[in-house]
Amino acid sequence: MSRIKFDEEEYWNSSKFQAFTFDDEDDDLFQLKESKRAVNSLREIVDNDEDDELEKYSWSGEPVGSISWSIKESSSSSRAAGEVRNQGQQRCQSNAGPLSKQGSSYSLSSLFKGLNKPGTLNSFSDAFTDTSIKSFAPELRRPKAEYQDYGGDWSIEDTVRRMKRGKVYSLERFRSLKDKLQLLDEAVRLHDGNVITAVLIFLKRTLGTEIFFRELELRPVALQHFIHFLQEINDQKILQDLFRFLDHAEELALSMYRENLNIPNAEERRDFLKTKCIRLPFSADDATHIKDHYTLLERQIIIEANDKHLEASGQEEIFRKHPRKASILFMPLVTTLFYSCIYHYTEGEGTFSSPANLKKTFRIPEKQYVLTALAARAKLRAWHDVDALFTTKNWLGYTKKKAPIGFHRVVEILHKNSAPVQVLQDYVRLVDDVDLKLNIAIKYKCHNVVIDTYKDLKDRHQLMVYRCKVDRNSPEEEKIDHILSNLQIRWKN
Amino acid sequence: MAFSDRRDAPDLPDFALLKRLALDQLIYLLEQLPGKKDLFIEPDLMSPLDRIANVSILKQHEVDKLYKLENKPVYSNSDQLCFLIRPRIKHVKYIAGIVNADKAAKRTRKYKIIFSPLKLYVCDMVLEEQGIFGDVICDEWYFYLLPLDDDIISMELPEFYTDYFLEGDQRWLCTVAKALHVLNSLFGPFTKSYGIGRCAKMVYEMWKDLEDESEGDRKEKRPAVGSIFLFDRDVDYITPLCSQVVYEGLVDDIFRIKCGSVEFGPEVTSSDKSIKVLLNSQDKVFNEIRNEHFSNVFGFLSQKARNLQIQYDKRRGMDIKQMKTFVSQELKGLKQEHRLLSLHIGACESIMKKKTKQDFQDLLKTEHSLLEGFDIRESISFIEEHINRQVSPIESLRLLCLLSITENGLISKDYRSLKTQYLQSYGPEHLLTLYNLKRVGLLTEQVPGDTLTAVESKMSKLVTDKAAGKLSDAFSSLAKKSNFRGLSKKLNLIPHVDGEYDLKIPRDMAYIFSGAYIPLSCKIIEQVLDRKAWTGLEEVIRLLNGNEFADPLSEGSPTSDSQRLILAVFLGGCTFSEISALRFLGKSKGYRFIFLTTAITNSARLLEAVVETSLNVS
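All figures in this text were calculated on a predicted structure; none of them were measured in a lab. (Residues numbered from 1 in each chain as written. Chains lettered and ligands numbered in written order. Predicted model: local features only at pLDDT ≥ 70, side-chain atom pairs only at ≥ 80, totals over all residues. Heavy atoms only, no water.)

**Some points on the overall build of chain A**
Then, in step 1: Looking only at helices and strands, chain A has 27 helices and 2 strands in total.
Then, in step 2: Counting across all 493 residues of chain A, residues that qualify as buried make up 48%.
Then, in step 3: Within chain A, residue pairs in contact and separated by at least 24 positions form 48% of the contacts whose partners lie at least 6 positions apart.
Then, in step 4: When the accessible surface of chain A is split by element, carbon and sulfur atoms take 50% of a total near 25700 Å². (Helix = DSSP H or I, 4+ residues; strand = E, 2+ residues; numbered from the N terminus. Buried < 20%, exposed > 50% of the residue type's maximum accessible area, 1.4 Å probe, protein only. Contact = heavy atoms within 4.5 Å. Areas by Shrake-Rupley, 256 points an atom, 1.4 Å probe, with all protein chains shown as cover.)

Spelled out as structure tokens, the structure:
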């Protein structure tokens, strides 16, 4: 999915915990690299790649001589000239084993006539000493065209069996409804989907729709095959008629809705959603989703036209500093919200493009909103906005910090966007859980928070340990010394 | 890995013969169109074809130019065009376009379409409709058994999963039945067969039909493979949805192994180009780490690197003559090993980087909580955060599905809220995706209490009533409940270990998931093989929604090696983790498993198969 790439991954993804910690094996890794280097140096001493048994690779990484490689070659060289280069001397893929090495100097058709050349086909002829294989093998290679046993008066069972084996058959003489249905039931009984579909094609052609649908309704396996067939040949009309007949409201609605995906033009798609989809018989929930889809696209078209113009005019600073990387059309709602938090953050709820308006129109949960806004504003390093996002005032006018996503997540996202320590530590302090707070503070080197926390915990030992980790003669060291010399504190250790 | 081998595992039959048969038939088909011809190959067939043939073989049979079949105009001067395709309508329509354009330009050429592995009647219909029936020669290439490794045969039909499990189309069933027929003729006769799942049962019946048809010409011979076990993918969705942590599975999850080979990008090769590498038992380094838990791989590789260093160091202080022997005798092997080693080290580094970035430890913790069924609320908010932060859409779906299957569906309130958030984060068109997931039973909403029991009792009546058997299909998505908690309890899928689970010396198959979970699919196979029947597993069968079978096919001497060779057939795909788990099981019980799968799968492939997105958004 190509969402607008504001380097999202970078800050969305977090790495609170290290996966698969192999700390103790880092040394090994280092050694591997050492040995790699040593080995690489050897390559220059004895460079005998010419008679190397290793596979050869072309620039594209495909083994030379492989079919995928050759096709890339012939398509990249001019097609009119197009002579496939001579691969005669090229080597086969090494794993193909004895068979590729033999080179096929024999003619296969002679083999099938029984003129086995002794010696050239070792493993092959060995395998055919067994009678059961002998009788099985010719069956494999007789071309379909050779079947000349055309008769005509086969029973239903015989006909279906012949169809299953790919032999000549004829359905035309099955004209009574009873015969037709028996044909279908026999095909279903033998489980062969290909034959079931073939019979269905015949039935569709020779039965009235009403009767055909009625019988299908009683035969779920056949019905599924028919639906799949209609989808494959993209016969929307009959498909929708069928769903209507069967009273499959949800499938009917979805199959009509699905058509919107094939409309590349945004305005046309919007109109299609409005006129064809909104009133479809969806469940209440899904109807809301479809309506939202329409509204979202409608908004995106407005925003896109407007912003394209703004960007081109070069008057808005934000567009100059952060040019748009892609159009906002057809993007998911969350991406649209992110976009709006980047380019239209300060707009009031009255404008369509404002985050507040999106939030209200699409009932975006607070948590989702805050996450997205935080990511966008941090991306722009607008720390004031970040601060405001978490500041609430109570009725007495006191301000309080609140986050619906947990401040440890806030810190993480800020860190991904390389927020300075001064900014980070304010939020680290807001983490409720002391252990978590300490961990995060250590991880992001928020020394002041670490020191204060140890002080609050009256943990002299840890403070002394931490003293070794801060820079010599730094203000942090000074602070620790100051605390340690404070006789007022009752250390627990 | 340390194993207490009970008996020596029997040797594997040589499946290279299958490649040979496929290649010979292809050559025969090409020779059926004598003279120079241009060959158009369908993209999905290119990698499989590469595994059995190469350009020079094709050229020897008068293939002039090779093209990838794309929806583009053709510039070919050849008088004969040959198309090698899967039986898909869009391909046939495209070819019809070429033929009709030639007709309009009064140009005559010969056309041949080779359908692999079979021609569907729908294709005939399209040929007829487009007015070119009879203008093109059609043939079938029965290429549906590709040995990817000594013990893995893939049918390379990933669409099997979508076509059968999502659309309910049984078009590929006969191909699997034929595959069994071929394997039975070459490496059988199989003496015993087991299976579970609706599809497994049908395939089994179709295969038996095929055997009956060709009954006359069977000769008594000693079988190489004793038993077969057919398994429907939807019997166990949990296992393929879990993050893979065994090396081969991890490589597949991250780099995507395609047809037994992987493309390592510049971040792995530490150069500016990508390299395609075959990953199989021929790769000595890979062979030793493929089944290992990732945490063991690093140690192993560094040990290996140290040894290599020592080997190389030998050349110090050599005189010219010694150096010459060294170069001619040892260097080649060392270089090969060096190349492989540096690739796998590079791959490990890259895996570590990616996994650290995506908070893998947290992710695994959530998965394990879901499997064990505790802290569900916490898991839900973890998933929510994934969605809110727009972490990859497939990752979020994977977790949602795991939640749904372990919990037997989401409660309505959660379902609705998570669905809304998902659509807001990843796009409203995923309404279709979620509908598909509901149909295959991967992500469902619990039906409120009363109606559930009513429907259920009605259902069980329908299912047991033979006459109404047909109807049960229509309700199959309703009938299928995952019952994971019950199964987990009954089969002890969550091992309880005192202290740490030792991943270096695994005690059971749970090691493939860090000791947290024994894969359900493999556990079922183990239980049935132990009992040589389903008896005693009645409760498990009920929880698995039935459709089990066990059928002795012929008398086989119970002591012979072949009895310990088991063909595990996965309908709808199997994962590398499952392969590793069964290899482990085989080693500890003296079995050897051969895997026949419609395709190699993993969580991403499973989910991508049902995801629907807009053309210009995807």
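Anyway, onward from the coordinates.
**Some remarks on the domain arrangement of chain B**
Then, in step 1: Structurally, chain B comprises domain 1 (32-143), domain 2 (144-236 + 493-618), domain 3 (249-356) and domain 4 (378-407 + 409-444).
Then, in step 2: On a C-alpha basis, the centres of domain 1 of chain B and domain 3 of chain B stand 40 Å from each other. (Domains from an automatic or database assignment.)

**Description of the sheet that holds strand β1 (residues 37-41) of chain B**
Residue and element names in this part refer to chain B.
Then, in step 1: Spatially, 5 strands are ordered β2-β1-β3-β4-β5 in an open sheet, and the strand pairing comes out parallel. Looking along the sheet, the strands with just one partner apiece sit at the ends: β2 (63-68) and β5 (136-140). Strand-to-strand twist in this sheet, taken as the mean axis angle between neighbours without regard to direction, amounts to 20 degrees.
Then, in step 2: As paired elements, β1 and strand β3 (residues 80-85) share 4 bridges and run parallel to each other. Across the sheet, residue Ile 41 finds its bridge partner in β3, namely Leu 84.
Then, in step 3: Contacts from helix α2 (residues 43-50) reach β1, β2 and β3, with the element oriented near 105 degrees to β1.
Then, in step 4: Along the sheet, helix α4 (residues 89-104) contacts β3, β4 (110-115) and β5; its crossing angle with β3, the most-contacted strand, is approximately 170 degrees. (Pairing = 2+ DSSP bridges. Axes fitted to C-alpha atoms, helices over the stretch in contact; angles between N-to-C directions.)

**Comments concerning the environment of Phe595(B)**
Residue and element names in this part refer to chain B.
Then, in step 1: By secondary structure assignment, the location of Phe 595 is in strand β14 (residues 592-597).
Then, in step 2: Each C-alpha atom of the pair Phe 595 and Pro 147 lies 9.5 Å from the other, and the pair is 448 residues apart in sequence.
Then, in step 3: When sequence neighbours within four positions are dropped, the list of residues in contact with Phe 595 reads Asp 151, Ile 152, Ile 153, Ala 568, Phe 570, Ile 579, Leu 582 and Arg 583.

**Here's the deal with the UniProt feature "domain: Vps16 C-terminal" (unreviewed entry) in chain A**
Then, in step 1: In the numbering adopted here, UniProt assigns the feature "domain: Vps16 C-terminal" (unreviewed entry) to residues 176-275 of chain A.
Then, in step 2: End C-alpha atoms of residues 176-275 of chain A are separated by 43 Å, and the span's content is 80% helix alongside 0% strand. (UniProt positions renumbered as here; feature names shortened; annotations may be inferred.)

**Re the confidence of the model for chain A**
Residues and elements named next belong to chain A.
Then, in step 1: When the pLDDT values of chain A are averaged, the result is 75; 69% of them are 70 or greater.
Then, in step 2: Contacts of residues 1-28 to residues separated by more than four positions or lying in other chains number 85 contacts, the stretch itself having pLDDT below 50.
Then, in step 3: Low pLDDT, under 50, characterises residues 76-148; the predicted model gives this stretch 116 contacts beyond four residues in sequence or across chains. (pLDDT = per-residue confidence, 0-100.)

**A few points about helix α21 (residues 383-390) of chain A**
An α-helix turns once every 3.6 residues. As a result, residues three or four positions apart point the same way.
Then, in step 1: Every buried residue of α21(A) is listed here: Trp383(A), Val386(A), Leu389(A) and Phe390(A). For α21(A), the angular spread of buried residues about the axis comes to 110 degrees, placing them on one side. (Arc of directions from axis to C-beta.)

**A few points about the sheet that holds strand β6 (residues 146-149) of chain B**
Residues and elements named next belong to chain B.
Then, in step 1: Taken in spatial order, the 7 strands line up as β6-β7-β14-β13-β9-β8-β12 in an open sheet, and their pairing is mixed. At either end of the open sheet lies a strand with only one pairing partner, and these are β6 and β12 (548-552). Recorded for the sheet is a direction-independent mean angle of 20 degrees between the axes of neighbouring strands.
Then, in step 2: In this sheet, strand β13 (residues 565-571) lies alongside strand β9 (residues 227-232) in parallel orientation, the contact comprising 6 bridges. Counted as the bridge partner of Ile 228 is Leu 567 from β13.
Then, in step 3: The strands touched by helix α26 (residues 576-589) within the sheet are β7 (152-154), β13 and β14, with β14 carrying the most contacts at an inclination of about 160 degrees.

**Structural notes on the side chain of Asp236(B)**
All names here are of chain B.
Then, in step 1: Relative to the assigned elements, Asp 236 resides in the loop between β9 and α9 (238-241).
Then, in step 2: The exposure class assigned to Asp 236 is buried, which follows from its relative accessible area of 0%.
Then, in step 3: If sequence neighbours within four positions are ignored, Asp 236 has contacts with Phe 231, Tyr 517, Pro 519, Leu 520, Ser 521 and Glu 578.

**What to know about the pattern of salt bridges**
Then, in step 1: Tallied over the full model, the rule gives 61 salt bridges over all chains.
Then, in step 2: Note that Arg467(A) and Glu477(A) form a salt bridge whose closest N and O atoms lie 3.9 Å from each other. Of the two residues, Arg467(A) sits in helix α26 (residues 460-467) while Glu477(A) sits in helix α27 (residues 475-484), which places them 10 residues apart along the sequence.
Then, in step 3: Look at Arg467(A) and you get partly exposed, because its relative accessible area is 31%.
Then, in step 4: Since its relative accessible area comes to 9%, Glu477(A) is described here as buried.
Then, in step 5: Note that Arg171(B) is salt-bridged to Asp169(B), the shortest N-O span being 3.5 Å. The same class applies to Arg171(B) as to Asp169(B), namely buried.
Then, in step 6: Counted as one network, the salt bridges with shared partners bring together Asp149(B), Asp151(B), Glu248(B), Arg290(B) and Arg583(B). (Salt bridge = Lys/Arg side-chain N within 4 Å of Asp/Glu carboxyl O.)

**A look at the pairing of β6(B)**
Residue and element names in this part refer to chain B.
Then, in step 1: Bridge count for β6 against β7 is 3 bridges, and the pairing is antiparallel. When the bridges of β7 are listed, Pro 147 appears paired with Ile 153.
Then, in step 2: The antiparallel hairpin formed by β6 and β7 contains 2 residues in its connecting segment.

**Quick word on the packing of aromatic side chains**
Then, in step 1: Following the criterion strictly, the structure yields 35 aromatic pairs over all chains and no others.
Then, in step 2: Ring centres of Phe319(A) and Tyr343(A) lie 4.7 Å apart, and the angle between their planes is 5 degrees; this geometry places the pair in the stacked category. Linking Phe319(A) in helix α17 (residues 317-321) with Tyr343(A) in helix α18 (residues 333-343), this pair joins segments that are 24 residues apart in sequence.
Then, in step 3: Residue classification places Phe319(A) among the buried residues on the basis of a relative accessible area of 4%.
Then, in step 4: When the centroid spacing of 6.0 Å and the interplanar angle of 75 degrees are considered together, the rings of Tyr591(B) and Phe593(B) count as edge-to-face.
Then, in step 5: In this structure Phe593(B) comes out as buried when scored by relative accessible area, which is 4%. (Phe/Tyr/Trp six-rings, centres within 6.5 Å; stacked < 30°, edge-to-face > 60°.)

**Considering the packing of α26(A) against α27(A)**
Residue and element names in this part refer to chain A.
Then, in step 1: Where α26 contacts α27, the two axes come as close as 10 Å, and the packing angle between them is 155 degrees. As judged from the angle between their axes, α26 and α27 are roughly antiparallel. Crossing hand, α26 versus α27: left-handed. Residue-level inspection shows Arg 460, Leu 463, Met 464, Tyr 466 and Arg 467 of α26 in contact with α27, the latter providing Glu 477, Ile 480, Asp 481, Ile 483 and Leu 484. (Parallel < 35°, antiparallel > 145°, perpendicular 65-115°, else oblique. Left-handed = near helix turned anticlockwise from the far one by under 90°.)

**Some words on a nonpolar patch on the surface**
Then, in step 1: A surface patch of nonpolar side chains, about 470 Å² in accessible area, is lined by Trp395(A), Leu396(A) and Tyr398(A).
Then, in step 2: Along the chain, the position of Leu396(A) falls in the loop between β1 (391-393) and β2 (399-401). (Patch = residues over 30% accessible without salt bridge, like charges linked within 9 Å, V, L, I, M, F, W, Y side chains within 5 Å.)

**Focus: the pairing of β13(B)**
All names here are of chain B.
Then, in step 1: Within β13, 7 of the 7 residues are buried, leaving the element largely enclosed by the surrounding structure.
Then, in step 2: Burial of the side chains of β13 extends over both faces: Leu 565, Leu 567, Val 569 and Leu 571 are buried on one face and Ile 566, Ala 568 and Phe 570 on the other.
Then, in step 3: Between β13 and its parallel partner β14, the chain crosses via α26, and the hand of that crossover is right-handed. (Right-handed = clockwise from strand over helix to strand, strands pointing away.)

**Re the confidence of the model for chain B**
All names here are of chain B.
Then, in step 1: With 90% of its residues at a pLDDT of 70 or more, chain B shows a mean pLDDT of 85.
Then, in step 2: The low-confidence segment residues 450-479, where pLDDT is below 50, has 20 contacts with residues more than four positions distant or belonging to other chains.
Then, in step 3: Across the interface, the model reports ipTM at 0.88; the global pTM reads 0.81.

**Some thoughts on the packing of helix α7 (residues 173-187) of chain B against helix α8 (residues 198-213) of chain B**
All names here are of chain B.
Then, in step 1: Contact geometry of α7 with α8 gives a least axis separation of 8 Å together with a crossing angle of 55 degrees. Comparing their axes, α8 and α7 come out oblique. Where α7 crosses over α8, the two elements pack in a sense that is right-handed. Residue-level contacts link Leu 173, Cys 174, Val 176, Ala 177, Lys 178, Leu 180, His 181 and Asn 184 of α7 to Cys 199, Met 202, Val 203, Met 206, Trp 207, Leu 210 and Glu 211 of α8.

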